[in-house]
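Here is how the chains run, residue by residue.
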Amino acid sequence: MKSSAIALGSNIGDSLAILEAAIEALAQTPGVVLQAKSSWYRTKAVGPPQPDYINGTAILQIEMVPEQLLETLLNIENQFGRVRRERWEPRTLDLDLLLYDNLILETPKLQVPHPRMQQRAFVLVPLAEIAPDWVEPISGRRIKELVKDVDCTEVQLLVGY
Ligand SMILES: Nc1ncnc2c1ncn2[C@@H]1O[C@H](COP(=O)(O)O)[C@@H](O)[C@H]1O
Ligand SMILES: Nc1nc2c(c(=O)[nH]1)N=C(COP(=O)(O)OP(=O)(O)O)CN2
């Protein structure tokens, strides 16, 4: 069994229902056990102007290699109507693979840890809630330390668990 941290986001449609259903779809996937899910946060969009997002994170116990997990995430995004036209466009569902144990991996299709997670309050705030002591292997710093270095003012608790 390996551990993986996943980021979830949505800013089109009934985002909260989509995100809850996506968590359920992950939990029902063979080879995946849902260990923890964070609260949901309303967050200002980073990048081009677009509607606010709802973001959260989950910790999975998995029996899959990282490439299989990415494939699983992309399939679930498609199930929830994800359409890809351009980068950083609004989306029904975005699932990013943040961390996979302490692995560092760089292939044309997959980078782990997620290369922008250290700058993203919408990732670090929910991740610090469920995995504060996980060490991000590139920086060697814990999530609870990384979150202190980002501006969290535009990440508001929406549904707490
Ligand atoms: N760590 C990653 N998680 C998700 N997707 C990744 C990762 N590293 C590379 N990718 C590639 O990015 C696209 C998905 O882009 P999004 O706009 O974040 O959905 C995917 O095709 C992966 O090959
Ligand atoms: N608040 C917020 N802002 C965002 C969010 C998000 O989830 N929440 N996702 C983005 C898109 O990231 P994308 O997956 O297109 O690009 P990446 O490859 O940099 O993750 C861009 N901006």
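Identification of the chain as 2-amino-4-hydroxy-6-hydroxymethyldihydropteridine diphosphokinase from Tolypothrix bouteillei VB521301 is taken from an unreviewed UniProt entry. Of the comments in the UniProt record for the chain, the one headed Catalytic activity (unreviewed entry) reads "6-hydroxymethyl-7,8-dihydropterin + ATP = (7,8-dihydropterin-6-yl)methyl diphosphate + AMP + H(+)". As stated in UniProt under Pathway (unreviewed entry), the record for the chain gives "Cofactor biosynthesis; tetrahydrofolate biosynthesis; 2-amino-4-hydroxy-6-hydroxymethyl-7,8-dihydropteridine diphosphate from 7,8-dihydroneopterin triphosphate: step 4/4."

Our focus in this paragraph is the site of ligand 2. In the region of ligand 2, 15 residues are neighbours, and Thr 43, Lys 44, Val 46, Arg 116 and Arg 120 sit closest. Within the side chain of Asp 94, an N or O atom sits 3.0 Å from an oxygen atom of ligand 2. Expressed as a share of its isolated accessible area of 490 Å², the protein-covered part of ligand 2 is 92%. Cavity membership is defined here by more than half of the atoms lying within 2 Å of grid points; on that basis ligand 2 lies in the largest pocket. Counting residues per element, the ones that place at least two in the shell around ligand 2 are β4 (53-62) and β5 (94-100).

Our next topic: the layout of surface pockets. Space inside the largest pocket adds up to approximately 780 Å³. Around the largest pocket, the lining is made up of 37 residues, and of these Arg 91, Asp 94, Asp 96, His 114 and Arg 116 lie nearest the centre. For the lining of the largest pocket, the secondary-structure elements that each account for two or more residues are β1 (2-10), β4, α2 (66-79), β5 and α3 (121-130). The dominant element in the lining of the largest pocket, judged by the number of residues it contributes, is β5, at four residues. Partitioned by chemical class, the residues of the lining of the largest pocket number 15 nonpolar, eight polar and 14 charged.

Moving on to the pairing of β5. Where a strand is regular, its side chains alternate between the two sheet faces. Within β5, seven of the seven residues are buried, leaving the element largely enclosed by the surrounding structure. Alignment of β1 against β5, held across six bridges, turns out to be antiparallel. Note on β5: the bridge partner recorded for Ser 4 is Tyr 100.

Here we come to the site of ligand 1. Taken together, eleven residues lie near ligand 1, and Arg 84, Asp 96, Leu 97, Lys 109 and Gln 111 sit nearest. One of the side-chain N or O atoms of Asp 96 is found 3.0 Å from an oxygen atom in ligand 1. Interatomic distance of 2.7 Å between a backbone N/O atom of Gln 111 and a nitrogen atom of ligand 1. About the coverage of ligand 1: the protein hides 73% of its 480 Å² of free accessible area. According to the grid-proximity analysis, the pocket containing ligand 1 is the largest pocket. Only α2 and β5 provide two or more residues apiece to the shell around ligand 1.

Ranked by internal contacts, the top residues of the largest apolar core, which has 26 residues, are Leu 8, Leu 60, Leu 69, Leu 73, Ile 76, Leu 93 and Leu 97. Listing elements by their share of this core, those giving two or more residues are β1, α1 (15-27), β4, α2 and β5. Examining the composition of this core, we find that six residues originate from one element, α1, more than from any other. Look past the residues within four positions of Leu 97 in its chain and what remains in contact with it is Ser 4, Ala 5, Ile 6, Pro 66, Leu 69, Leu 70, Leu 73, Leu 110, Gln 111, Val 112 and His 114. Core analysis: the next-biggest nonpolar cluster, separate from the first, contains 22 residues, Ala 7, Leu 99, Val 147 and Val 150 among them.

What counts, and at which threshold
- Residues numbered from 1 in each chain as written.
- Chains lettered and ligands numbered in written order.
- Predicted model: local features only at pLDDT ≥ 70, side-chain atom pairs only at ≥ 80, totals over all residues.
- Heavy atoms only, no water.
- UniProt positions renumbered as here; feature names shortened; annotations may be inferred.
- Near = heavy atom within 4 Å.
- Polar contact = N/O pair within 3.5 Å; in protein donor to acceptor, adjacent residues only side chain to side chain.
- Areas by Shrake-Rupley, 256 points an atom, 1.4 Å probe, with all protein chains shown as cover.
- 1 Å grid on protein atoms, 1.4 Å probe; cavity = no way out; pocket = protein on both sides within 12 Å on 5 of 7 lines; lining within 4 Å.
- Sits in = over half its atoms within 2 Å of the grid points.
- Helix = DSSP H or I, 4+ residues; strand = E, 2+ residues; numbered from the N terminus.
- Points joined across faces, edges and corners; volume = space filled by probe spheres on them.
- Nonpolar A, V, L, I, M, F, W, Y, C, P; charged D, E, K, R; others polar.
- Buried < 20%, exposed > 50% of the residue type's maximum accessible area, 1.4 Å probe, protein only.
- Pairing = 2+ DSSP bridges.
- Core = buried A, V, L, I, M, F, W, Y, C linked by side-chain atoms within 4.5 Å.
- Contact = heavy atoms within 4.5 Å.

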